[in-house]
Amino acid sequence: MRGYYVKRVMLDGGSGVDICPLSTLQRMKIDTERIRPNNICVCAFDGIKRDTIGDIDLILTIGPIDFKVTFQVLDMDTSYNFLLGKPWIHAVGAVPFTLHQMVKFNTKIRRL
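Residues numbered from 1 in each chain as written. Predicted model: local features only at pLDDT ≥ 70, side-chain atom pairs only at ≥ 80, totals over all residues. Heavy atoms only, no water.

Novice: Summarise the environment of threonine 24; cite the residues concerned and give the values.
Specialist: Inspection of the secondary structure assignment puts threonine 24 in helix α1 (residues 22-27). The buried category is assigned to threonine 24, whose relative accessible area is 3%. Measuring from C-alpha to C-alpha, the distance between threonine 24 and alanine 91 comes to 23 Å, with 67 residues separating the pair along the chain. Sequence-distant contacts of threonine 24, that is, excluding residues within four places in its chain, are made with Asn81 and Phe82. (Helix = DSSP H or I, 4+ residues; strand = E, 2+ residues; numbered from the N terminus. Buried < 20%, exposed > 50% of the residue type's maximum accessible area, 1.4 Å probe, protein only. Contact = heavy atoms within 4.5 Å.)

Given below as structure tokens:
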């Protein structure tokens, strides 16, 4: 992402949104003015409902392919830097293997 190698990316097939913590954007020095306000409320892992700050489109390079991902931005402490949920998994036709901590997808199709 923008020349940064991002560690601790979580794939969650049970998540209905792709999430980016505000702290990740700040560490990468991404202008928070790019965040578009919205009225989305998400239910976090702890079961508490949280309002998002808004959404932001980011270009991620995963393997040899660039993906435009719309993330919901949350101001909360997380153990991950990005959470890729159902929207990304289904859009790219990915198959996550949690046991082996890997994901497979067709690299012949260019997504952006």
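Now that the structure has been shown, we can carry on.
Novice: Tell me about the packing of aromatic side chains, residues and numbers included.
Specialist: In this structure the tally under the stated criterion is 4 aromatic pairs. Between the aromatic rings of phenylalanine 67 and tryptophan 88, the centroid separation amounts to 5.6 Å while the plane-to-plane angle is 80°, which identifies the pairing as edge-to-face. One end of the pair, phenylalanine 67, is in strand β6 (residues 65-74); the other, tryptophan 88, is in helix α2 (residues 86-92), and 21 residues separate them in sequence. For the pair shown, phenylalanine 67 and tryptophan 88 are each scored as buried. Geometrically, the ring pair formed by tryptophan 88 and phenylalanine 105 is edge-to-face, given 6.1 Å between the ring centres and 85° between the ring planes. Placement of tryptophan 88 in helix α2 and of phenylalanine 105 in the segment after β9 (102-104) is noted, with a sequence separation of 17 residues between them. (Phe/Tyr/Trp six-rings, centres within 6.5 Å; stacked < 30°, edge-to-face > 60°.)

Novice: Can you break down the pattern of salt bridges residue by residue, with the values?
Specialist: Summed over the entire model, instances satisfying the criterion amount to 2 salt bridges. Measuring nitrogen to oxygen at the nearest pair gives 2.7 Å for the salt bridge that ties aspartate 55 to arginine 36. Of the two residues, aspartate 55 sits in strand β5 (residues 54-62) while arginine 36 sits in the loop between α1 and β3 (41-43), which places them 19 residues apart along the sequence. Aspartate 55 sits in the buried class, given a relative accessible area of 13%. Taking the relative accessible area as the measure of exposure, arginine 36 reaches 36% and is therefore partly exposed. (Salt bridge = Lys/Arg side-chain N within 4 Å of Asp/Glu carboxyl O.)

Novice: So, the pairing of β5: which residues are in play, and what are the values?
Specialist: Pairing geometry for β5 and β6, over 9 bridges, is antiparallel. Each residue of the ladder has a partner; that of aspartate 55, found in β6, is glutamine 72. Connecting β5 to the next strand, β6, in antiparallel fashion are 2 residues, including glycine 63 with a positive phi near 65°. (Pairing = 2+ DSSP bridges.)

These results come straight from atomic positions and should not be treated as a statement about function.
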